[in-house]
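Coordinate analysis (summary)
Below, each chain spelled out in residue letters.
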Amino acid sequence: DTAVSQTPKYLVTQMGNDKSIKCEQNLGHDTMYWYKQDSKKFLKIMFSYNNKELIINETVPNRFSPKSPDKAHLNLHINSLELGDSAVYFCASSQTSAANTQYFGPGTRLTVL
Amino acid sequence: QQQVKQSPQSLIVQKGGISIINCAYENTAFDYFPWYQQFPGKGPALLIAIRPDVSEKKEGRFTISFNKSAKQFSLHIMDSQPGDSATYFCAVLKMDSNYQLIWGAGTKLIIKP
């Protein structure tokens, strides 16, 4: 039933480690997104893929690398984690890149110690 | 460069009262104005949206009022209930080759019983 799912829900790790967050959508959508939500709840788009092609790449450290093996999946890999990477990361999808509505996953709370 | 200004940052309303959250935008090229609702531990979800060809849209207890000349739109929650307690985000849709939502900073709404 889950439309947009993310794993893991919680991720606690040490500075300098490399980690990945996985996202899957079963809505048949063409476009997927990664957002970062900081402690003040501000939502910042990081990346967007349309049919496995990168279409939005905001100013994000190159330690963050998205990968879309197919249009239903968009994973986020983070190298050399820093304290400032601690946040909630949301995956979202929309029917197309021109669609108005985005459907969000439940989020992954990343804590870097 | 902040293109969407949302206020207030937080709001406390008594049960049964009217909650009002405001957003102001800078670019007249926007043509879609959604409000998203986010409960703790969940991702944002579309609540209600309006296009600039109408001045008001109502869905149940939720109403968007839109003032194109003032470049402002607001969310009104009538008969506010404790279950409405959440963070609310306004957004605007940017019309270019990549349809990218631009988000307000969010308003934390608490409805007191």
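Anything mentioned here points back to the structure above.
Fair warning: this is a prediction, and the values are worked out from it, not measured in the lab.

1. Considerations on the pattern of salt bridges
Residue and element names in this part refer to chain A.
- Tallied over the full model, the rule gives 5 salt bridges over all chains.
- Residue aspartate 30 is joined to lysine 71 by a salt bridge in which the shortest nitrogen-to-oxygen separation is 2.8 Å. Of this pair, aspartate 30 sits in the loop between strand S3 (19-25) and strand S4 (31-37) while lysine 71 sits in the loop between strand S7 (64-70) and strand S8 (73-78); the two residues are 41 residues apart in sequence, bridging distant segments of the chain.
- Residue classification places lysine 71 among the partly exposed residues on the basis of a relative accessible area of 34%.
- We note a salt bridge from glutamate 82 to arginine 63, for which the minimum N-O separation is 3.4 Å.

2. Examining the interface of chain A and chain B
- Of the residues lining the interface, 20 residues belong to chain A; the matching set on chain B comes to 19 residues.
- Our count for the chain A to chain B interface comes out at 0 salt bridges.
- Along the contact surface separating chain A from chain B lie 5 residue pairs in polar contact (both at pLDDT 80 or more).
- Elements that contribute at least two residues to the side of chain A that touches chain B include exactly S4, strand S5 (43-50) and strand S6 (53-57) of chain A.
- When its residues are assigned to classes, the side of chain A that touches chain B shows 10 nonpolar, 6 polar and 4 charged.

3. Section: the sheet that holds S7(A)
Residues and elements named next belong to chain A.
- Taken together, the 4 strands give an open sheet; going across it, the order is S1-S3-S8-S7, and neighbouring strands pair in antiparallel fashion. Of all the strands in the sheet, just strand S1 (4-7) and S7 have a single pairing partner and so form its edges. Across the sheet, the axes of successive neighbouring strands diverge by a mean angle of 20 degrees, strand direction being ignored.
- Across 5 bridges, the pairing between S7 and S8 is antiparallel.

4. Observations concerning the nonpolar core
- Counting 25 residues, the largest nonpolar core has B:Phe33, B:Trp35, B:Phe73, B:Leu75, B:Tyr88 and B:Val92 as its most contacted members.
- Ranked by residues supplied to this core, first place goes to strand S9 (residues 86-94) of chain B with 4 residues.
- Not counting the four nearest positions on each side in its chain, B:Phe33 is found in contact with B:Tyr25, B:Ile48, B:Ala49, B:Ile50, B:Pro52, B:Ile64, B:Phe66, B:Phe73, B:Ala91 and B:Val92.
- Counting 20 residues, the second-largest nonpolar core is a separate cluster that includes A:Leu11, A:Trp34, A:Tyr49 and A:Phe64.

5. Some words on the sheet that holds strand S6 (residues 56-59) of chain B
Residue and element names in this part refer to chain B.
- The 5 strands lie next to each other as S1-S3-S8-S7-S6, forming an open sheet whose pairing is antiparallel. Since the sheet does not close on itself, it has two edges, and those belong to strand S1 (4-7) and S6, each with one partner. Put simply, the sheet's adjacent strands are angled 15 degrees from each other on average, direction ignored.
- Inspection of the sheet shows S1 paired to strand S3 (residues 19-25) by 4 bridges, in the antiparallel sense. Looking across to S3, one finds that valine 4 is bridged to tyrosine 25.

6. Notes on the state of the cysteines
- Taken as a whole and judged by the stated rule, the model has 2 disulfides over all chains.
- Here A:Cys23 connects covalently by a disulfide to A:Cys91, the sulfurs 1.8 Å from one another. Because the torsion about its S-S bond is -75 degrees, the bridge between A:Cys23 and A:Cys91 counts as left-handed. With A:Cys23 in strand S3 and A:Cys91 in strand S9 (residues 87-94), the pair connects residues that are 68 residues apart, well separated along the chain. Neither residue differs from the other here; A:Cys23 and A:Cys91 are each classed as buried.
- Here B:Cys23 engages in a disulfide with B:Cys90; their sulfurs sit 1.7 Å apart. The disulfide joining B:Cys23 to B:Cys90 has a torsion of about -85 degrees about its S-S bond and is therefore left-handed. Residue B:Cys23 is found in strand S3, and its partner B:Cys90 is found in strand S9; the two are separated by 67 residues along the sequence. As far as the burial class goes, B:Cys23 and B:Cys90 line up, both buried.

Thresholds, definitions, all that
- Residues take numbers from 1 onward in each chain, read along the sequence in its written order.
- Here the convention is simple: chains get letters from A, ligands get numbers from 1, in the order in which they are written.
- Only residues with pLDDT of at least 70 get local features here, since the model is predicted, and only at 80 or more are side-chain atom pairs given and counted; chain-wide, interface and lining totals rely on the full set of residues.
- The basis for every side-chain value is the complete set of heavy atoms in the structure, and neither hydrogens nor water enter the calculation.
- Salt-bridge detection follows one rule: a side-chain nitrogen of Lys or Arg within 4 Å of a carboxyl oxygen of Asp or Glu.
- Helix numbers and strand numbers start at the N terminus; a helix is a DSSP run of H or I with at least 4 residues, a strand a run of E with at least 2.
- Only protein chains enter the area calculation, which uses a 1.4 Å probe; residues under 20% of their type maximum are buried, those over 50% are exposed, and those in between are partly exposed.
- Any two residues whose heavy atoms approach within 4.5 Å at even a single point are treated as in contact.
- Identification of polar contacts relies on pairs of N or O atoms within 3.5 Å, with a donor-acceptor requirement for protein atoms, meaning one able to donate a hydrogen and the other able to accept it, and with residues adjacent in sequence counted only if both atoms are side-chain atoms.
- The residue classification treats Ala, Val, Leu, Ile, Met, Phe, Trp, Tyr, Cys and Pro as nonpolar and Asp, Glu, Lys and Arg as charged. All others, Gly included, are polar.
- A pair of strands is labelled paired if DSSP reports no fewer than 2 bridges between them.
- Here the axes come from fitting lines to C-alpha atoms, over the contacting stretch only for helices, and the angles between their N-to-C directions go from 0 to 180 degrees.
- To form a nonpolar core, buried Ala, Val, Leu, Ile, Met, Phe, Trp, Tyr and Cys residues must be joined to one another through side-chain atoms within 4.5 Å.
- Cysteine sulfur atoms are paired as a disulfide whenever they fall within 2.5 Å.

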